[in-house]
Amino acid sequence: QRVLLDPWLGCVPRGLEPCRWCRSGDYAQCENFTRGVLAPGIHSGNCRDASGAFAEFFPAHESQCIPIPDDIDDETAVLADPFSVSLHGILHGPSPEGATVLVYGTGTLGLAAIAALKALYAKVTVIAVARYPHQAALAGSLGADHVIAHRPAAAVVEAVAGLTSSELRRPWRGLPMLNGGVDLVYDTVGLAETLEVGVRVTRPRGTIVASGVEIPRRFEWTPLYFKEIALVGSNAFGMETFEGRRMHAMEWYFEFVHAGRIDLTPIISHRYPLSEYKRAFMDCHDQGRSGAVKVLFDQRCPRSGSAE
């Protein structure tokens, strides 16, 4: 049977009675990641008893396995994980219905966020910040209303000012700040630079949802204070509530696919046999050269190359 992996190594895989977080389906907040029958580690791939997938066999507890419906093909199914990460971030913050939002980053998570926003909230306006031209093109095709270049940082602030008809205020030093701005920022990058821009382009008492993680750096964060912005962390996914119903994020993905609301397969840019893993990783590393977004290993793949 084909399954997807929910990677969390919470209470049940550890042979423990569920803690309050696991009972509610908020697996990322489990209280027992260092206890039970497994070595410490929050999810598969960073625990010595639940290693990663580059092996002949891959260990997982039955509670981590989400069955894939028979009418969902492999390439559609494999995108459930990044979609679920983005869905959690969107549902974790205030409702974006009718809002103007900024999606910072147009890699797999950012593109999934754009598709989810446009599919689930008919009146949302999406501004995307893209690093590469191929990402910008995909962002537009998935529903972004406006796409702007990621650098220079000051130009991002100025572009958002124009798109939101906001007053641009220039401090004595540093980046400008908006009097106004977007209602929500979904930061799928998590760099100090993206957070510093984010607090400048978010309107007073708006919200930044941070789902990207990078090496910690200092940034000038005082607009967070002046504009009373809410900064919300978003860690992976679990059970999610939407339109009064609660089920696993991956099951939501299947429902949206069945309903024709979501098709993320255009972000699959390259496919490789496992024997060409070096080339696959280098294409991921140098996305500007390769045009890579989502790169797949496929045992059926006879040769390397792009999805096109």
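All of these numbers come straight from a predicted model, not from anything done at the bench.

Enquirer: When you look at the packing of aromatic side chains in this model, what are you seeing that I'm missing?
Expert: In this description, an aromatic ring pair is defined by two values, namely the gap between the centres and the angle between the planes. All chains considered together, the criterion is met by 10 aromatic pairs. Between Phe83 and Phe256, the ring centres sit 6.0 Å apart and the planes meet at 70°, which makes this aromatic pair edge-to-face. Highlighted residues: Phe83 in helix α3 (residues 80–92) and Phe256 in helix α9 (residues 249–258), separated in sequence by 173 residues. Side by side, Phe83 and Phe256 carry an identical accessibility label, which is buried. Look at Tyr121 and Phe242: their rings are 6.2 Å apart centre to centre, the planes differ by 85°, and that puts the pair in the edge-to-face class. Of this pair, Tyr121 sits in the loop between α4 (108–120) and β4 (125–130) while Phe242 sits in strand β11 (residues 239–242), and the two are 121 residues apart along the sequence. In this structure, Tyr121 and Phe242 share a single accessibility class: buried. In this structure an aromatic cluster arises from ring pairing among Phe83, Tyr121, Phe242, Trp252, Tyr253, Phe254 and Phe256.

Enquirer: How should I be thinking about the pattern of salt bridges in this particular structure?
Expert: Pairing of side chains with opposite charge becomes possible as their charged atoms draw close. Evaluated as defined, the whole model comprises 16 salt bridges. For Asp283, the salt bridge identified is with Arg289, shortest N-O distance 2.8 Å. By relative accessible area, Arg289 is classed as exposed at 54%. One connected set of salt bridges, linked through shared partners, spans Glu196, Arg200 and Glu220.

Conventions we followed
Residues numbered from 1 in each chain as written. Predicted model: local features only at pLDDT ≥ 70, side-chain atom pairs only at ≥ 80, totals over all residues. Heavy atoms only, no water. Phe/Tyr/Trp six-rings, centres within 6.5 Å; stacked < 30°, edge-to-face > 60°. Helix = DSSP H or I, 4+ residues; strand = E, 2+ residues; numbered from the N terminus. Buried < 20%, exposed > 50% of the residue type's maximum accessible area, 1.4 Å probe, protein only. Salt bridge = Lys/Arg side-chain N within 4 Å of Asp/Glu carboxyl O.

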